[in-house]
Amino acid sequence: MARRADAYFDKDDFAHALTDFDEAIANHPGNADAFMHRGFLHWYRLEDDAAFKDFDAALRLDPAPSRLLSRGRRYVLLRQFDAGIADMTRAIKLDPRSGDAYADRAWAYSRKKAFDLAIADYDRLLKRDPSDGRSTLARDNVRAAKGAGVKSIDEYGRMLVARLQIEKSYPRQAVSDRVEGVAELAFSITRWGLLAASSVKTSSGSAMLDEAALNTLRQAQPFPPLPPGSRSIEAFVISLIYRNQSER
């Protein structure tokens, strides 16, 4: 029954999927996977309370690291950073060799703007595997986002790009609707790192994605002060690309 529910889910037949998940759980209330997968369905439908109720039930039955990471990622996407980091830290304690757990926690720390802690987790991954290109790129992006020692407007612009990339997340409704696009933002920042003005210079073609891009910019604050020699207000233009990356 749970397998058929997954098949319905994959076909976007949510009503039949939910019916089968409900029946699978009623028949086998100890099935942690069924709770977890029904939680994914609720999450996809933006039913957050129901989703986390199922995630919690699954974890009570079997607190596997993979389940902790799935719940933790969703906490982070809801900007409940401490709850997400707690799940990721618990996953690391259960499986200290889990690269995914360290990578997820580094991502969560970076979203929280705890850049040094994020870098430390990427360092742990790279100490284990110096050839890990994904972790190297992610660590470099976090270092750029931190903005330490920025001396020019060009370097400041690279810091902004890094921060926006870390902050950006694909709108969940856009995932459901399979909406994609590129939003070009125009904005200005004061000498003290405050956002003075912002607008969508070139629309993505979707009001939902345009608003998500503006929210990304707002949430990426506060920014470091402009570097020495800057004008009192500096203008920037940055594009944010939204491509469908649905996660189960």
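Residues numbered from 1 in each chain as written. Predicted model: local features only at pLDDT ≥ 70, side-chain atom pairs only at ≥ 80, totals over all residues. Heavy atoms only, no water.

Caption draft 1: View of the pairing of strand β3 (residues 233-242). The alternating pattern of β3 places Glu 234, Phe 236, Ile 238, Leu 240 and Tyr 242 on a buried face and Ile 233, Ala 235, Val 237, Ser 239 and Ile 241 on a face that is not buried. Here strand β1 (residues 181-190) pairs with β3 via 10 bridges, running antiparallel. Counted as the bridge partner of Ile 189 is Glu 234 from β3. (Buried < 20%, exposed > 50% of the residue type's maximum accessible area, 1.4 Å probe, protein only. Helix = DSSP H or I, 4+ residues; strand = E, 2+ residues; numbered from the N terminus. Pairing = 2+ DSSP bridges.)

Caption draft 2: Here's a closer look at the sheet that holds β1. An order of β2-β1-β3 is seen for the 3 strands of this open sheet, with the pairing classed as antiparallel. Among the strands making up the open sheet, the edge pair consists of β2 (195-202) and β3. Within this sheet the neighbouring strands show an average axis-to-axis angle of 20 degrees, counted without direction. Relative to β2, β1 runs antiparallel, the two being bridged by 6 bridges. Directly across from Ile 189, in β2, lies its bridge partner Leu 195. On the sheet, helix α10 (residues 153-167) packs against β1 and β3 and is oriented at approximately 35 degrees with respect to β3. (Axes fitted to C-alpha atoms, helices over the stretch in contact; angles between N-to-C directions. Contact = heavy atoms within 4.5 Å.)

Caption draft 3: Examining the environment of Met 88 more closely. Structurally, the position occupied by Met 88 is in helix α6 (residues 81-94). Taking relative accessible area as the criterion, Met 88 reaches 0% and is therefore assigned buried. Spatially, the C-alpha atoms of Met 88 and Ile 238 are 31 Å apart, while their sequence positions differ by 150 residues. Among all residues touching Met 88, those that are not within four sequence positions of it are Leu 69, Gly 72, Arg 73, Val 76, Ala 101, Asp 104, Arg 105, Trp 107 and Ala 108.

Caption draft 4: Spotlight on the packing of aromatic side chains. Applying the stated rule across the entire model yields 7 aromatic pairs. Taking 5.6 Å as the distance between ring centres and 80 degrees as the angle between the ring planes, the aromatic pair formed by Phe 52 and Phe 55 counts as edge-to-face. One end of the pair, Phe 52, and the other, Phe 55, are both in helix α4 (residues 48-61), 3 residues apart, so they sit about a helical turn from each other. What makes Phe 52 buried here is its relative accessible area of 10%. The exposure class of Phe 55 is buried, given its relative accessible area of 0%. (Phe/Tyr/Trp six-rings, centres within 6.5 Å; stacked < 30°, edge-to-face > 60°.)

Caption draft 5: Examining the pattern of salt bridges more closely. Inspection of every chain in the model, using the stated rule, returns 20 salt bridges. For Glu 167, the salt bridge identified is with Arg 111, shortest N-O distance 3.5 Å. Remark: Arg 111 occurs in helix α7 (residues 99-111) and Glu 167 occurs in helix α10; sequence separation between them is 56 residues. Between Glu 211 and Arg 218 there is a salt bridge; the shortest N-O distance is 3.2 Å. A relative accessible area of 37% places Glu 211 in the partly exposed class. What you see here is one network of salt bridges that share partners, running through Arg 79, Arg 111, Lys 113 and Glu 167. (Salt bridge = Lys/Arg side-chain N within 4 Å of Asp/Glu carboxyl O.)

Caption draft 6: Expanded view of the side chain of Glu 167. With relative accessibility at 3%, the residue Glu 167 sits in the buried group. In this structure Glu 167 touches Arg 79, Arg 111, Lys 113, Thr 216, Gln 219 and Ala 220, once residues within four positions along its chain are discounted.

Caption draft 7: Main features of the nonpolar core. Judged by nonpolar contacts, the single largest core of 43 residues is most densely connected at Tyr 156, Leu 160, Phe 187 and Ile 189. Elements supplying a minimum of two residues to this core: α2 (14-27), α3 (32-44), α4, α10, α11 (172-177), β1, α12 (207-219) and β3. Sort the elements by how many residues they give to this core and α3 lands first, with 8 residues. Of all hydrophobic cores here, the second largest spans 25 residues; its members include Ala 91, Ile 92, Ala 108 and Ala 162. (Core = buried A, V, L, I, M, F, W, Y, C linked by side-chain atoms within 4.5 Å.)

Caption draft 8: Molecular detail of the pairing of β1. Within β1, 7 of the 10 residues are buried, leaving the element largely enclosed by the surrounding structure. Connecting the antiparallel pair β1 and β2 is a turn made up of 4 residues, with Gly 193 showing a positive phi of about 85 degrees.

Caption draft 9: Region of interest: helix α9 (residues 133-146). Taking 1.5 Å of rise per residue, 14 residues should cover 20 Å, and α9 covers 20 Å from first to last C-alpha, within 8% of that figure. Taken together, the buried positions of α9 are Ser 135, Ala 138, Arg 139, Val 142 and Ala 145. For α9, the angular spread of buried residues about the axis comes to 120 degrees, placing them on one side. Backbone nitrogen of Arg 134 and a side-chain oxygen of the N-cap are separated by 3.3 Å at the start of α9; the cap is Asp 132. Looking one or two residues beyond α9, the residue adopting positive phi is Gly 147, at roughly 75 degrees. (Expected span 1.5 Å × (residues − 1). Arc of directions from axis to C-beta. Polar contact = N/O pair within 3.5 Å; in protein donor to acceptor, adjacent residues only side chain to side chain.)

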